[in-house]
Amino acid sequence: MQFLITGAAGFLGQGLANRLVQDGHAVRALDDLSTGDPSTLSPDIHFTRGDVNDRPKFWTLLQDVDCVYHLAARVLVPESVLYPRDYDTVNVGGTVTLMEAMRDVGVRRVVFISSGAIYGEQTEQPLREDMRPNPRSPYAVSKLAGEYYVRTIGNLWGIETVCLRVFNAYGPGQQMPPTYTPVIPNFLRHATRNGTIVVNGDGSQTRDYVYKDDVVNAMAAAATAPEANQQIINVGSGIETSVSELARLVKAATGTEPEIVYNPRNAGGVERMCADLTLAKKLLNYQPLVSLKDGLGMTLEQDERLQKQQTQTNA
Ligand code: NAD
């Protein structure tokens, strides 16, 4: 198949792009490199630097494409609280621009990467796709708006759509922005340096941590899953882990003894998050394969190897 992936130089995008090329597909990649790094993309991928609001660029890139994966987005929840307009422009505007261009060119399917963040606080766990969304940040609102636009425009113009609500993905190569670093790379970095792990709140809040390769498996399946049109599907591990437990697992994986301090002034967001995977299993034949313990080990190992390679290249 011929694919276009937006946000392909990012953490999940490059994993997906390399996997699809390995599977023998043709892949075009679009990314504005605002945070992404294309250096780990296979040379077989046709990379274009560009913005998701550039409709003429999409007209060119979409020629003969069978399926688009739309991952390009601003992804930092706290940043979205400060700059909601930027999140609206890129995450919502960019999605509408892509859908218009897909309509113009006539592309069959789009897989939109949404987020478990759209659920917000709920009274029940695990989180099912039919629950009423309760977004608590402009980031979550932008992802929910993206879902609605994708499904509505898809429905109006006969474009097949699949929305994947990805939970807390982690793995090798995850971006480490200087501020708002995601929790797993943050804990790993401090633990490997024998620093201090800071847990927001009392550590009892839970998340569903899903290994990058499992997310890539779900995304790959979504391109051709026959019953997935117009569906919204959770992609997680199906396992709820408290932040305190995560800190303990990070300590064990790194074999270090970092100090763990709690920051009660920062409550750390939603109390509980765990994905119900019934629909993913049924529609995508999805089964998460990597436990958090193994995933942390593989992340450490591969990131270390990558760092050594980069040091050798720079020397
Ligand atoms: P990432 O920041 O590594 O990737 C996003 C990519 O989009 C980056 O390479 C960035 O350069 C690019 N981008 C940003 N603005 C752009 C623009 N205007 N035009 C073109 N490219 C642009 O993040 P990620 O973790 O790989 O996330 C990928 C997608 O998955 C995002 O849509 C995100 O919302 C979604 N998601 C991620 C997670 C997670 O835990 N990583 C969870 C839920 C949903």
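Attention in this report is confined to the structure presented alongside it. Just so you know, these numbers come straight off a predicted model, no measurement behind them.

### Observations concerning a nonpolar patch on the surface
Right, on to step 1. Residues Leu82, Tyr83 and Tyr180 make up a contiguous nonpolar surface patch of roughly 320 Å² in combined accessible area.
Right, on to step 2. Note on placement: tyrosine 83 falls in the loop between α3 (77–82) and α4 (84–105).
Right, on to step 3. On the basis of relative accessible area, tyrosine 83 is assigned to the partly exposed category, the value being 47%.

### Focus: helix α8 (residues 243–254)
Right, on to step 1. For α8, which comprises 12 residues, the first-to-last C-alpha distance of 16 Å matches the rise-based estimate of 16 Å (1.5 Å per residue) to within 8%.
Right, on to step 2. For α8, the complete set of buried residues consists of Val243, Leu246, Ala247, Leu249, Val250 and Thr254. Along the axis of α8, the buried positions cluster into a sector of 165 degrees, meaning they face one direction only.
Right, on to step 3. For α8, the secondary structure elements touched by its buried residues are α6 (183–192), β8 (196–200), β10 (209–211), β12 (241–242), β13 (259–263) and α10 (292–314).
Right, on to step 4. Taken from the residues just after α8, glycine 255 is the one with a positive phi, measuring 65 degrees.

### Describing the pattern of salt bridges
Right, on to step 1. Inspection of the entire model under this criterion finds 16 salt bridges.
Right, on to step 2. Residue aspartate 104 is joined to arginine 55 by a salt bridge in which the shortest nitrogen-to-oxygen separation is 2.8 Å. Of the two residues, aspartate 104 sits in helix α4 while arginine 55 sits in helix α2 (residues 55–61), which places them 49 residues apart along the sequence.
Right, on to step 3. As a salt-bridge pair, aspartate 130 and arginine 128 come within 3.0 Å of each other at their nearest N and O atoms.
Right, on to step 4. With relative accessibility at 31%, the residue arginine 128 sits in the partly exposed group.

### Structural notes on the site of the ligand
Right, on to step 1. The ligand sits among 29 residues. The nearest are Leu12, Asp31, Leu71, Tyr139 and Lys143.
Right, on to step 2. One of the backbone nitrogen or oxygen atoms of leucine 71 is found 2.8 Å away from an oxygen atom of the ligand.
Right, on to step 3. Alanine 169 has a polar backbone atom sitting 2.9 Å from an oxygen atom of the ligand.
Right, on to step 4. Alone, the ligand offers 820 Å² of accessible surface; in the complex the protein occludes 94% of this.
Right, on to step 5. Among the secondary structure elements, those contributing two or more residues to the shell around the ligand are α1 (11–22), β5 (109–115), α5 (138–157) and β7 (168–170).
Right, on to step 6. Looking at the shell around the ligand, the element that brings in the most residues is β5, giving 3 residues.
Right, on to step 7. Residues belonging to the shell around the ligand are distributed by class as follows: 15 nonpolar, 10 polar and 4 charged.

What counts, and where the lines are drawn
- Residues numbered from 1 in each chain as written.
- Predicted model: local features only at pLDDT ≥ 70, side-chain atom pairs only at ≥ 80, totals over all residues.
- Heavy atoms only, no water.
- Patch = residues over 30% accessible without salt bridge, like charges linked within 9 Å, V, L, I, M, F, W, Y side chains within 5 Å.
- Areas by Shrake-Rupley, 256 points an atom, 1.4 Å probe, with all protein chains shown as cover.
- Salt bridge = Lys/Arg side-chain N within 4 Å of Asp/Glu carboxyl O.
- Helix = DSSP H or I, 4+ residues; strand = E, 2+ residues; numbered from the N terminus.
- Buried < 20%, exposed > 50% of the residue type's maximum accessible area, 1.4 Å probe, protein only.
- Expected span 1.5 Å × (residues − 1).
- Arc of directions from axis to C-beta.
- Contact = heavy atoms within 4.5 Å.
- Near = heavy atom within 4 Å.
- Polar contact = N/O pair within 3.5 Å; in protein donor to acceptor, adjacent residues only side chain to side chain.
- Nonpolar A, V, L, I, M, F, W, Y, C, P; charged D, E, K, R; others polar.

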